[in-house]
Amino acid sequence: MELQLKCARCETLCFSGHRPDRLPGNGDPGAPEMQALTAALRQELVAAIDRGKVIMLQGCMAVFDIVCGEQVILLKKQYPNVRLIGVAPYAAEFFSREKCWTPNWTSRAREVFRQLDTGVKIASRYRPGIYFERNRALVYHSSELICYWDGGGGGTKYTVDYARRQNKPVINLANQGLQ
């Protein structure tokens, strides 16, 4: 693993979640279900900050990671000691690899990336397994995970399972009646 972060795990949390088609309201920010998810996320973030989590790692993917990044950026006005670190799977533009990167999500992502306290990458270019490697790095460098996992397969399931095997607390917003 190329990634080396110099942060205390006890102060760090990470995010994992689905692409828009598996989020409430298909990830549409105007949908009442997505607004409820965003409000629940914000509440969990404030609780995490109160527990001493001031370093937030986001995996730089659409949609849940971007929503998390946006909420952390908003909370930094109230909690200036909070830091947002983007952990990209690789250096090249990964927006073109997946269809979920609509112009709207690309624009929102660029705005989040512009406001990161720092950004790091796992690799210089795409390779098979890089997303799983990034997910393991997020969990490894954190003491807990906030996610939106609907119970199905994929990268979020992998990340949740990995965090649980590492005995790290998992806060699943999907379990809060937001589906």
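Going by the structure above, here's the rest.
Small disclaimer: the values here were computed from a predicted structure and weren't measured. Here the residue numbering is sequential within each chain, running from 1 through the sequence in written order. Thresholds applied to this predicted model are a pLDDT of at least 70 for local features of residues and 80 or more for the giving and counting of side-chain atom pairs; totals over whole chains, interfaces and linings are not thresholded and use all residues. Only hydrogens and water are removed before side-chain values are computed, so all heavy atoms of the structure are retained for them.

**Student:** Give a detailed account of the pattern of salt bridges, specifying residues and quantitative values.
**Tutor:** A pair is scored as a salt bridge if a Lys or Arg side-chain nitrogen falls within 4 Å of a carboxyl oxygen belonging to Asp or Glu. Tallied over the full model, the rule gives seven salt bridges. The closest approach of N and O atoms between Arg114 and Glu111, which form a salt bridge, is 2.5 Å. Here Arg114 and its partner Glu111 are both found in helix H3 (residues 103-114), three residues apart, which amounts to about one turn of the helix. Glu111 sits in the partly exposed class, given a relative accessible area of 34%. Numbering of helices and strands runs from the N terminus; a helix is a DSSP stretch of H or I covering at least four residues, while a strand is a stretch of E covering at least two. Burial classes: relative accessible area under 20% of the type maximum marks a residue as buried, over 50% as exposed, and values in between as partly exposed (1.4 Å probe, protein chains only).

**Student:** Before we move on, can you summarise the sheet that holds strand E4 (residues 118-123) with the specific residues and values?
**Tutor:** Sheets are built from strands paired through backbone hydrogen bonds, the pairs being either parallel or antiparallel. When DSSP finds two or more bridges between two strands, those strands count as paired. Across the sheet, six strands lie side by side as E4-E3-E2-E1-E5-E6; this open sheet has parallel pairing. Lying at the two open borders of the sheet, with one neighbouring strand each, are E4 and strand E6 (170-172). Between one strand axis and the next, the sheet turns by 25° as a mean value, whatever way the strands run. Of the pairings in the sheet, the one linking strand E1 (residues 12-17) to strand E5 (residues 144-148) comprises five bridges and is parallel in character. Directly across from Leu13, in E5, lies its bridge partner Glu144. Residue contacts are defined here by distance: any two heavy atoms, one from each residue, within 4.5 Å place the two residues in contact. Only the stretch in contact is used when fitting a helix axis, every axis being a line fitted to C-alpha atoms; angles between N-to-C directions are given from 0 to 180 degrees. Seen against the sheet, helix H4 (residues 130-140) touches E1, strand E2 (55-58), strand E3 (83-90) and E4 and runs at an angle of roughly 155° to E3. Against the sheet, helix H5 (residues 155-165) engages E1, E5 and E6, with an angle of about 155° to E5.

**Student:** Tell me about the side chain of Ser143, and name the residues and values.
**Tutor:** Locating Ser143 in the fold gives a position in the loop between H4 and E5. Nitrogen and oxygen atoms within 3.5 Å of one another constitute a polar contact, given that in protein one can donate a hydrogen and the other can accept it, and given that sequence-neighbouring residues count only through two side-chain atoms. Of the polar contacts made by the side chain of Ser143, one reaches the side chain of Lys53; its length is 2.8 Å. The residues touching Ser143, leaving out its near neighbours within four places in the chain, are Arg9, Cys10, Thr12, Lys53, Lys168 and Pro169.

**Student:** Describe in detail the packing of H4 against H5, supporting the description with residues and values.
**Tutor:** Between H4 and H5, the least distance of the axes is 10 Å, while the angle of their chain directions is 35°. Classified by chirality, the crossing of H5 by H4 is right-handed. Contacts between H4 and H5 involve Phe132, Asn135, Arg136 and Val139 from the first element and Gly155, Tyr158, Thr159, Tyr162 and Ala163 from the second. By residue class, the composition of the contact of H4 with H5 is five nonpolar, three polar and one charged. Crossing handedness: left-handed means the near helix sits turned counterclockwise from the far one by under a right angle, and right-handed means the same turn made clockwise. Three classes are used, and their members are as follows: Ala, Val, Leu, Ile, Met, Phe, Trp, Tyr, Cys and Pro are nonpolar, Asp, Glu, Lys and Arg are charged, and the others, Gly among them, are polar.

**Student:** Break down H5 for me, citing the residues and quoting the values.
**Tutor:** Buried within H5 we find Thr156, Thr159, Val160, Tyr162 and Ala163. The buried side chains of H5 occupy one side of the element, clustering within an arc of 165° when seen end-on. For H5, the elements touching its buried residues are E1, H4, E5 and E6. Looking one or two residues past H5, Asn167 carries a phi angle of roughly 60°, positive in sign. The arc under discussion is defined with respect to the helix axis, by the directions toward the C-beta atoms.

**Student:** I'd like a description of helix H2 (residues 64-75), backed by residues and values.
**Tutor:** Between its first and last C-alpha atoms H2 spans 17 Å; for 12 residues at 1.5 Å apiece the expected length is 16 Å, and the two agree. Burial analysis of H2 places 11 of its 12 residues in the buried class, which makes it a mostly covered element. All buried positions along H2 are accounted for by Phe64, Asp65, Ile66, Val67, Cys68, Gly69, Glu70, Gln71, Val72, Ile73 and Leu75. In this analysis, the expected span of each helix is defined as 1.5 Å times one less than the number of residues it contains.

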